[in-house]
Each structure stands twice: as C-alpha cells, then as structure tokens.
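Coordinate inspection notes
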Amino acid sequence: MTDPRAGQPAAAEDLVDVAKLVTAYYAVHPDPGDSAQRVSFGTSGHRGSAFTATFNEDHILATTQAICEYRAGLGIDGPLYLGADTHALSEPAQVSALEVLAANEVLVMVDARGGYTPTPAVSRAILAHNASLGASGAGPRADGIVVTPSHNPPSDGGFKYNPPDGGPAGTDITRQIQDRANELLADGLKGVRRVPYARAAAAGTTGKFDFLGGYVAGLGQVVDLAAIKAAGVRIGADPLGGASVAYWAEIGDRYGLDLTVVNPVVDATFRFMTLDWDGKIRMDCSSPFAMASLIGRQHEFAVATGNDTDADRHGIVTPDAGLLNPNHYLAVAIDHLYRHRDGWPSAAAVGKTLVSSSMIDLVTEGLGRELLEVPVGFKWFVPGLLDGSVAFGGEESAGASFLQRDGSVWTTDKDGIILALLASEITAVTGRSPSELYRELTSRYGDPAYARIDTAASRAQKAALARLSPEQVSATELAGEPIVAALTTAPGNGAPIGGLKVVAESGWFAARPSGTEDVYKLYAESFRGPAHLAAIQDQAREIVAAAIGGS
C-alpha cells in the first residue's frame, strides 16, 4: 500500500540521527549465533543497518579480512581500488576496511581528491589497469571494493567486492568471502589483521588515484558528447545527494554541455529527498515518488536525469512524459545503440534479465540480433561485456552498461552515468525524446502493461519457490492462453533463476523469493492491457501457491 505522504518532502521526523547511527556502527556488536546478524552477500554485496546489528564495524573488519585472504589465495596482488558513496556509514566502513587492507599489505588506491566514488568509476579503474597488462594478462591484477548500499535508506550501509573482471562478484566468490567472514565473526575477530587508521592512511601501500579524472576523460569514447554539445541539449542532472555529484559538474565543464546540476547538496540525512512509496527516504531514481522534485522540473530541460547514490542506476525524465519506466527506456536505448554503433561487433547480443520487459525481445528481434536472457543479477553480463559478445546488458531495475563506440569494454558493472548521458545523445541525434521514441516502438510492437508486486511468503515457502522444477507447474493455461514455457533456468545461459517464470503468447509472470523480506517478488507483463495483466497476476499467485503449498 502506498504511503499517503509518498512523493512529499521529507520532514524532520523522517531523518536519520547520523551521530547515533555512526556510534552504533562502532558500539553495537553482532551476535554470530543469530543468522540475521551474520555477513550475508546478496546480488549487490552485504547490506544492513548499524541500528539492527546488520552493518557494523565487526562485519566490515571480518569481510575485508576475508577479501584479503581470497585475493591472496588467487594471487591477485595488484592494486585494490577502494571507493565509497555518500551514506553516513560509508566513510567509517571505508576507514575500517583500509585499516585491514593496510595490515595485510594490500596496495590500496583511494580517491586522490578525497571525494566520493561511483561504482562505474571503480569498475572502469579495475578494467583500465588490467588492460594495461597486455593480452596475456600477466602481472599484478587489480580488483576493488565499493562501500555503498546503493539506493537504500540513509540508515543503511553496504559493502561489495569487484574481482579483476571489474563486475559484481559471482556467488562462487561471495560465498567464500561470506563464509570466511562469518568464521572470523564467530571466533571473535581473532584472525583479523588491523593497524590504526593513521598508520594505514600513511602506509606505503596506500596510494592515490584520480577516479573522477580517469572516468570523465573517457566518456567521449562511449557516448556521442559532441553531438549533444552541437545540438545544445539542455540537461538537468540530479545526483540525489550521491557520489556522482562532482562527476556531473566535471562532465558539463569538460565537454561544454548545457548541463545544470540541479541539486549539488550532499547531506547524509538526505533531507532534500521526497519520500518513496512506503514513506521512507530512498534514493531510487526509478521511483516517481523519490524523483518527484525532478519530475516537477521536467519542462525546464530537454532531458533530466537522476542517479542513485553510487550512480549504478539511472532515471530519465522528459518534458512530454515525466519519468520513464525503466523497461521503456531500456528498449529505446537498445534500439538506438544497435542502429548507431557501427563499431560494435555485428554478432554482439542484447543482454536482459528474464524479469525485464518482453518489449526488449521484440526490439532485439527487429534488430536482427541475438537475445541473451539471464537470471537476475548484473554479474551474468560480465563475460559478454568483457569479450564483446554482449554489447548491452540491462536490468529492469534501471541498471545497465554498454560497450564503447569502438566495440571495446567500458565497464562490467552498471553505469547510470552513461545511460543518463545516452538519453541526451538520443535526443540530439534523433530530434525526439526517448519517451516519444518509446511510443513509436509501441505502435510497432504493441503496448505492454508491466508490474512488480510483493506477496507474503514464509521462509519455508521462499525456499520451496527457489528450488521449484518446471514439472511442479500443473496449470496448462495462463489467463486464458496456453502456457508455452515454464522455466526455472534462464534461456540464455541455463543458470538457475532461483524461482519460476511462466510464459504464454501474450504475457508472462516470474516469481522469485526476496533475500531480505518474507515475501516473494511477482513480476508480470501483458500485451493485452491492464485487465489481462491483473488476470495473469491472480493466476500467478494460484500457480505459485499450488507449487509451494504449505511448505
């Protein structure tokens, strides 16, 4: 249910007490015997809050030591690029991490300007260093850590590891790190090596790296910034108080763009935000409630954009449509890029997660390209982006990245900055807004109705959903149409999806258990309109209930 204050400015009572939060980071110690208070890596690292004993100094010390041991075991002895966003817990966690990294004699590169670091800037730094080793890859390989809970509320912290491929670590890696970190927690952190911060910051193994300069200097190789400048596209960029704030100012100045940073304020309470759907402060640039302030200024700019706090997600606002649905923009971006990138490999596929809109399937077919449909998680796109077999990878949650204009890799993690700039390129090159172009796609392929809702489920039911087999689906029709596929593995790579996807001719649904709440996420889409979508959702609940029953 939507909170009655959703989309309204935050009030004093909505703000986190930063002093108490940071105190809790150091003063509260998790109970290793409580599964909820252990280190737990989801699709985007370990996340939690110091107030609930789920993101505290003990977690970061243990996790960083586990990363040190993991990389040492694989002979990863190059620089580790360490970045952090603007959440209140990010700076203390970065300090804790550096104390452990220095004690383990890891060569760490921190921001030369003492600023905040977007996720894509860390991915870019890792890839650029490793590319400098040559085709053989022999030499000291780099990896990285980003301290961020992404768009999560101000009371949260997050910690994620990017291995030498520059992308999000896969479960084979995160499971090792998570398990070792929990062993260290259970043993009272006796195996953690650590030196005081003053020594760590001054250590010979701690160096400086210009993340901002290195990232911004290469953007013209990814997006046609000259076309944007020549067309005079008026851009409004809202970092939502996140790590991209200095990046947007630099992009505008360096490339001579008509670009306004509409909110250059950084404040760990995020008091300038409007409340999200549930009445919480959340820097979700795909939410019309969180983006209400920027939407209110949609007529001031040809393109207005938002990023979450680590800038791995994007939100696009146009004068004629307001905030674009992430699925709609992904379809437009794919159609534009594959028609305007002559330097891309002719066989490069389009990557999508299986809960993204089927409009992408139709656009991909219209382009004559191969579709790579994978489980949820950007990690599945990393190999293809690295070798050029996938030119674009995108998720329905407004995260994507794509190749440089010459077909070489740019980032292997989500990059909300280039997706935001691409909206201006599209406007400059075509003379039409991304929302206008989406309406053109719907006239060609149909106008789908898409929604994601959460449905209550016990832990046992979630576990049963995660291990379903197609044979457990007894239904033969979905909302009046024959079921053509019941999937528990992704068509693109055969990997388990951790849930179920059921497909009919005009619609589909997918159900996945939440990793943090007692719900399962139900995604559904229909090309026959909202009423048919509702029918799919109703039957989806019945199908899932029958399959997982009273587990």
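Reading the values: rules and limits
Residues numbered from 1 in each chain as written. Predicted model: local features only at pLDDT ≥ 70, side-chain atom pairs only at ≥ 80, totals over all residues. Heavy atoms only, no water. Axes fitted to C-alpha atoms, helices over the stretch in contact; angles between N-to-C directions. Helix = DSSP H or I, 4+ residues; strand = E, 2+ residues; numbered from the N terminus. Parallel < 35°, antiparallel > 145°, perpendicular 65-115°, else oblique. Left-handed = near helix turned anticlockwise from the far one by under 90°. Contact = heavy atoms within 4.5 Å. Nonpolar A, V, L, I, M, F, W, Y, C, P; charged D, E, K, R; others polar. Core = buried A, V, L, I, M, F, W, Y, C linked by side-chain atoms within 4.5 Å. Buried < 20%, exposed > 50% of the residue type's maximum accessible area, 1.4 Å probe, protein only. Pairing = 2+ DSSP bridges. Phe/Tyr/Trp six-rings, centres within 6.5 Å; stacked < 30°, edge-to-face > 60°. Lys NZ or Arg CZ within 6 Å of the ring centre and 35° of its normal.

**Let's talk about the packing of helix α2 (residues 57-73) against helix α5 (residues 171-186)**
Packing of α2 against α5 leaves a shortest axis separation of 8 Å and a crossing angle of 125°. Between α2 and α5, the crossing angle belongs to the class labelled oblique. The two elements α2 and α5 meet at a crossing, and its hand is right-handed. Residue-level inspection shows Asp58, His59, Ala62, Thr63, Gln65, Ala66, Ile67, Glu69 and Tyr70 of α2 in contact with α5, the latter providing Ile173, Gln176, Ile177, Arg180, Ala181, Leu184 and Leu185. For the contact of α2 with α5, a count of residues per class yields 9 nonpolar, 4 polar and 3 charged.

**Points about unusual backbone geometry**
If you check the backbone angles, Glu105 has positive phi at about 60° while not being a glycine. Secondary-structure assignment places Glu105 in the loop between α3 (90-103) and β4 (108-111). Here the phi dihedral of Ala311 falls at roughly 60°; this positive angle occurs in a residue that is not glycine. In this structure, Ala311 sits in the loop between β10 (303-307) and β11 (314-318).

**Focus: the nonpolar core**
Judged by nonpolar contacts, the single largest core of 70 residues is most densely connected at Leu219, Ile251, Phe392 and Phe402. Excluding its chain neighbours within four sequence positions, the residues that come into contact with Ile251 are Val216, Leu219, Leu257, Leu259, Ile417 and Leu421. Counting 45 residues, the second-largest nonpolar core is a separate cluster that includes Val39, Ala50, Val106 and Ala181.

**Concerning the sheet that holds strand β9 (residues 258-261)**
With respect to topology, 5 strands assemble into an open sheet ordered β9-β8-β10-β11-β12, the strand pairing being mixed. The strands lining the two open edges of the sheet, one partner per strand, are β9 and β12 (322-323). Summarising the sheet, β10 and β11 pair through 4 bridges and their orientation is antiparallel. The residue of β11 that forms the bridge with Ala304 is Val317. Helix α9 (residues 245-255) rests against β8 (234-238), β9 and β10 of the sheet, and its axis sits at about 160° to β9.

**Focus: the packing of aromatic side chains**
For the structure shown, the criterion picks out 14 aromatic pairs. Seen in terms of ring centroids, Phe209 and Phe211 are 5.0 Å apart; in terms of plane orientation they differ by 80°. Their pairing is edge-to-face. Three or more aromatic residues joined by ring pairs make a cluster, and in this case those are Tyr338, Trp344, Phe392 and Phe402. Looking at Lys501, its charged tip hangs above the ring of Trp508, at a distance of 4.5 Å from the centre.

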